[in-house]
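# Structural characterization, general
As a plain string of letters, each chain reads:
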Amino acid sequence: KQWYQRRVAITAGIYEVSKPIKSPFSRSSSPSPSASTPSGLTPAQLVEKKRELEAYLCPAGTPPLAQPLNMLCNNDNCSFTWTGKSHITQDIYECKTCGLVNNFCCCSECAKSCHAGHDCKLKKKCHTAYCDCWVTCPCNALVPGDQEIRMSLFKQLLKDTDFATQRNDKDEPLLLSLIQTVIRQMYAVKKAQSAPTFRSRDNIRSRDSSAPPTNLDPPKFCSDALKIALTDYKAVHEILYEGCGDSPADLGSRAGSVLSSDEQKLFLQKQSGTSKLDYFTYLLTKCGIEVIQTFLNALKSWSAKDPEVVSMTERFVRSVIRVFIVLSLQVSTTIKKKKVPTATLR
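Overview of the structure. In this text, all values refer to a predicted model and were calculated from it rather than measured experimentally. (Residues numbered from 1 in each chain as written. Predicted model: local features only at pLDDT ≥ 70, side-chain atom pairs only at ≥ 80, totals over all residues. Heavy atoms only, no water.)

Our next topic: the overall build of the chain. Each helix and strand in the chain was counted, giving 15 helices and five strands. Counting the 346 residues in the chain, one finds 40% classified as buried. For the chain, the share of sequence-separated contacts (at least 6 apart) that also reach a separation of at least 24 residues comes to 76%. Roughly 19100 Å² of accessible area belongs to the chain as shown, and the carbon and sulfur atoms make up 55% of that amount. (Helix = DSSP H or I, 4+ residues; strand = E, 2+ residues; numbered from the N terminus. Buried < 20%, exposed > 50% of the residue type's maximum accessible area, 1.4 Å probe, protein only. Contact = heavy atoms within 4.5 Å. Areas by Shrake-Rupley, 256 points an atom, 1.4 Å probe, with all protein chains shown as cover.)

Now the structure itself:
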């Protein structure tokens, strides 16, 4: 009920803005503050209207989990709706608040929605299981809702607000949070389909008449949302500048120049605190060529003459190099330990 009330509020607030609002990260020249727009409002008035919209949707003091974009991304359907009582390998949580302990557990989707704010933690010993959320409490993730409206709201919020630059409850940028969810869901579905006890959708209904329906598909919203967010400048800007203490204006391009020792120290300092960026780059390689190509095409589409875009691209390239080196060292260590033939590795 709270989810639908929030969704109605988001819809009502978004469509108060009749025209798209110019992003503060736009690389084109800003119009004069006194110039009028097709809506009859000046750019300054549009910015103020956007701030009012953001304050309406996400008032000061709103917890990160209640931020509209985070809510949209954290409301996938429960894994029980597509696994039934088949035990699959997935991340499972215990919630002491609701009594989901010992042999009872809940899936990641329920942990983020039904048990948000509870004493809910990831079980140290993760094994095959199915979600028991519906057994001990009224599960709110059994109905996926209207996915078209959900995606429409996601696109509208990306375009008309700066919520993509805000963090979740784990201090993670939007893209990092999304890509982790996508990889986790991909892994769970792959493991489920390869499990001998997993049943097809036609035979997935439980014999227990009190059990909820289990004929839904695995969630796909975050996968589609990730592809859209990878083309959003604000979201990409936030993840590529992750861990960067300097202002974007100070990060000019020095490509092709011979670096002095002082300049080398400067670049090394700018690479500190990039663990989240490198983790994002690593997970990006696991999403498939289509997702990677979407991200690269977005970088190419932005003005290559803009120093900020060049700096963003350089940070991503350096991240790719760091990840490649680490993975290469791991492969080298594996070859030495297991003596894997080179031909097999290739």
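Having seen the structure, we can now continue with the description.
Another point: empty space enclosed by the protein. The final tally for this structure, using the stated rule, is five cavities of 30 Å³ or more. Taken as a whole, the largest cavity holds about 110 Å³ of empty space. Trp82, Glu109, Arg184, Gln185 and Ala188 are the residues nearest the centre of the largest cavity, which is lined by 13 residues in total. Looking at the lining of the largest cavity, the elements with two or more residues in it are α5 (108–112) and α8 (174–194). (1 Å grid on protein atoms, 1.4 Å probe; cavity = no way out; pocket = protein on both sides within 12 Å on 5 of 7 lines; lining within 4 Å. Points joined across faces, edges and corners; volume = space filled by probe spheres on them.)

On to the nonpolar core, then. Formed by 46 residues in total, the largest nonpolar core has its most connected members in Phe154, Leu175, Leu178, Leu226, Leu240, Phe280 and Phe295. Ranked by the residues each element gives to this core, the list is headed by α8, at seven residues. Residues contacting Phe280, with those up to four places away along its chain left out, are Leu175, Leu176, Ile179, Leu230, Ile239 and Phe295. (Core = buried A, V, L, I, M, F, W, Y, C linked by side-chain atoms within 4.5 Å.)

Looking at the element boundaries, Ser108 is found in helix α5. Residue class for Ser108 comes out buried when judged on its relative accessible area of 3%.

To continue, consider the environment of Glu94. Locating Glu94 in the fold gives a position in strand β2 (residues 92–95). Its relative accessible area of 23% is what places Glu94 among the partly exposed residues. For Glu94 and Lys121, which are 27 residues apart along the polypeptide, the C-alpha to C-alpha distance reads 5.7 Å. Discounting residues that sit within four places of it in the chain, Glu94 has contacts with Leu100, Val101, Asp119, Cys120, Lys121 and Lys123.

Given 3.6 residues to a turn, an α-helix orients residues that are three or four positions apart in the same direction. The buried fraction of helix α10 (residues 233–240) is high, at eight of eight residues. Those residues of α10 not exposed but buried are Tyr233, Lys234, Ala235, Val236, His237, Glu238, Ile239 and Leu240. Two or three places before Lys234, at the start of α10, stands the capping residue Asp232, its side-chain oxygen 3.3 Å from that residue's backbone nitrogen. (Polar contact = N/O pair within 3.5 Å; in protein donor to acceptor, adjacent residues only side chain to side chain.)

As a further point, take the packing of α8 against helix α12 (residues 275–284). Closest axis-to-axis distance for the α8/α12 pair is 10 Å, and the angle between their directions is 35°. Regarding α8 and α12, the two cross each other, and that crossing is left-handed. Together, Leu175, Leu176, Ile179, Gln180 and Ile183 of α8 and Lys276, Tyr279, Phe280, Leu283 and Leu284 of α12 make up the contact between the two elements. Here the residues of the contact of α8 with α12 are counted per class, giving eight nonpolar, one polar and one charged. (Axes fitted to C-alpha atoms, helices over the stretch in contact; angles between N-to-C directions. Left-handed = near helix turned anticlockwise from the far one by under 90°. Nonpolar A, V, L, I, M, F, W, Y, C, P; charged D, E, K, R; others polar.)

Within this structure, the stated rule accounts for 10 salt bridges. Across the salt bridge formed by Lys227 and Glu290, the nearest N and O atoms sit 3.4 Å from each other. You can see Lys227 sitting in helix α9 (residues 221–229) and its partner Glu290 sitting in helix α13 (residues 289–301), a full 63 residues away along the chain. The salt bridge involving Arg322 is made with Asp278; its shortest N-O contact spans 2.8 Å. Of the two residues, Arg322 is situated in helix α14 (residues 307–338) and Asp278 in helix α12; the sequence distance between them amounts to 44 residues. Residue classification places Asp278 among the buried residues on the basis of a relative accessible area of 15%. Linked by salt bridges that have partners in common, Arg167, Asp171, Glu238, Glu242 and Lys276 make up one network. (Salt bridge = Lys/Arg side-chain N within 4 Å of Asp/Glu carboxyl O.)

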